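This is what each chain is made of:
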Amino acid sequence: AQSVAQPEDQVNVAEGNPLTVKCTYSVSGNPYLFWYVQYPNRGLQFLLKYITGDNLVKGSYGFEAEFNKSQTSFHLKKPSALVSDSALYFCAVRVNTGGFKTIFGAGTRLFVKA
Amino acid sequence: NAGVMQNPRHLVRRRGQEARLRCSPMKGHSHVYWYRQLPEEGLKFMVYLQKENIIDESGMPKERFSAEFPKEGPSILRIQQVVRGDSAAYFCASSPSMGNTEAFFGQGTRLTVV
């Protein structure tokens with residue numbers, strides 16, 4: 001079955017420190033991978049995507065993600081966390097089921113402490 | 001270009017009533033997806049539609065739930081005879097047909113069943 005996993009329910013980091021939010025995937029064929037962020041009582045906002053090419057993808061708000069094919073991972077990173085980065089982060093993979101649908105991980109809540 | 005529009009933002013229904021949730025995709029997008037998010041949980045895929053066609057409804061409950069995306073007008077998610085367990089945030093997303101593009105999300109409809 002095609003799926004995406006986020007092994008951490010919550011990540012805590014101090015402001016100014018680097019952050020990593022983990023994601024692993026299981027798909028057949030080449031994966032289309034995405035990260036979204038959700039702030040309280042809001043919809044999801046797109047952060048970045050990996051389709052092909054350079055394994056390090058840069059996105060919105062200073063976030064980046066590294067695609068690792070051998071480890072089937074797509075971890076989200078930021079060199080220096082901000083308190084305003086505190087939110088719910090979702091990793092997602094787009095799969096072909098006769099058309100394309102997006103499957104989401106369970107989400108990881110990021111807390112950045114001042 | 002307006003984003004994905006969902007209405008209403010908040011909907012309160014008594015047990016046994018019907019709930020109708022509307023979603024207008026972004027201009028030029030022919031694919032619509034519905035997701036449900038329970039409190040403190042991730043996004044669960046419900047259904048994927050193109051104009052006048054259901055492509056994948058593997059996440060839809062077998063009873064009481066239906067979805068449509070007519071040739072004209074918004075996509076509708078319909079829940080008949082609502083129960084308290086239906087209380088959740090329902091998100092709609094849309095995308096163009098290409099697989100390597102991200103889906104864009106609406107702000108969601110928060111359904112409360114009393």
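Everything below is about the structure printed above this text.
Residues numbered from 1 in each chain as written. Chains lettered and ligands numbered in written order. Predicted model: local features only at pLDDT ≥ 70, side-chain atom pairs only at ≥ 80, totals over all residues. Heavy atoms only, no water.

Chemist: Looking at this structure, I do not really get the pattern of salt bridges. What am I missing?
Modeler: Close approach of charged atoms allows side chains of opposite charge to pair. Evaluation of the coordinates by the stated rule reveals eight salt bridges over all chains. Across the pair K49 of chain A and E102 of chain B runs a salt bridge whose closest N-O atoms are separated by 3.0 Å. Placement of K49 of chain A in strand β6 (residues 44–50) and of E102 of chain B in the loop between β9 (88–95) and β10 (104–105) is noted, with the two residues assigned to different chains. Using a relative accessible area of 29% as the deciding quantity, one classes K49 of chain A as partly exposed. Ionic pairing is found between R20 of chain B and E18 of chain B, a salt bridge with its closest N-O pair at 2.8 Å. (Salt bridge = Lys/Arg side-chain N within 4 Å of Asp/Glu carboxyl O. Helix = DSSP H or I, 4+ residues; strand = E, 2+ residues; numbered from the N terminus. Buried < 20%, exposed > 50% of the residue type's maximum accessible area, 1.4 Å probe, protein only.)

Chemist: Got a minute to help me understand the sheet that holds strand β8 (residues 75–79) of chain B in this structure?
Modeler: Across a sheet, strands are paired by hydrogen bonds formed along the backbone, either parallel or antiparallel in direction. Residues and elements named next belong to chain B. Overall, antiparallel pairing links the four strands, which are arranged β1-β3-β8-β7 in an open sheet. Each edge of the open sheet is held by one strand with a lone partner, namely β1 (5–7) and β7 (65–68). Averaged over all adjacent pairs, the angle separating strand axes in this sheet is 15°, with direction ignored. Examined bridge by bridge, strand β3 (residues 19–24) and β8 share five bridges and lie antiparallel to one another. Bridge pairing links R22 to I76 in β8. (Pairing = 2+ DSSP bridges. Axes fitted to C-alpha atoms, helices over the stretch in contact; angles between N-to-C directions.)

Chemist: Looking at this model, I keep getting lost on the state of the cysteines. Mind explaining?
Modeler: Covalent bonding between the sulfur atoms of two cysteines defines a disulfide. In this structure the tally under the stated criterion is two disulfides over all chains. With a sulfur-sulfur separation of 1.9 Å, C23 of chain A is cross-linked through a disulfide to C91 of chain A. Its torsion about the S-S bond being -65°, the disulfide of C23 of chain A and C91 of chain A is classed as left-handed. Here the residue C23 of chain A occupies a position in the loop between β3 (19–21) and β4 (24–26), and C91 of chain A occupies one in strand β10 (residues 87–96), the gap between them amounting to 68 residues. Pair check on accessibility: C23 of chain A and C91 of chain A agree, each one buried. Here C23 of chain B pairs with C92 of chain B through a disulfide, and the sulfurs are 1.8 Å apart. Between C23 of chain B and C92 of chain B, the S-S dihedral sits near -55°, and the bridge is therefore left-handed. One end of the pair, C23 of chain B, is in strand β3; the other, C92 of chain B, is in strand β9, with 69 residues separating them in the sequence. (Disulfide = S-S within 2.5 Å.)

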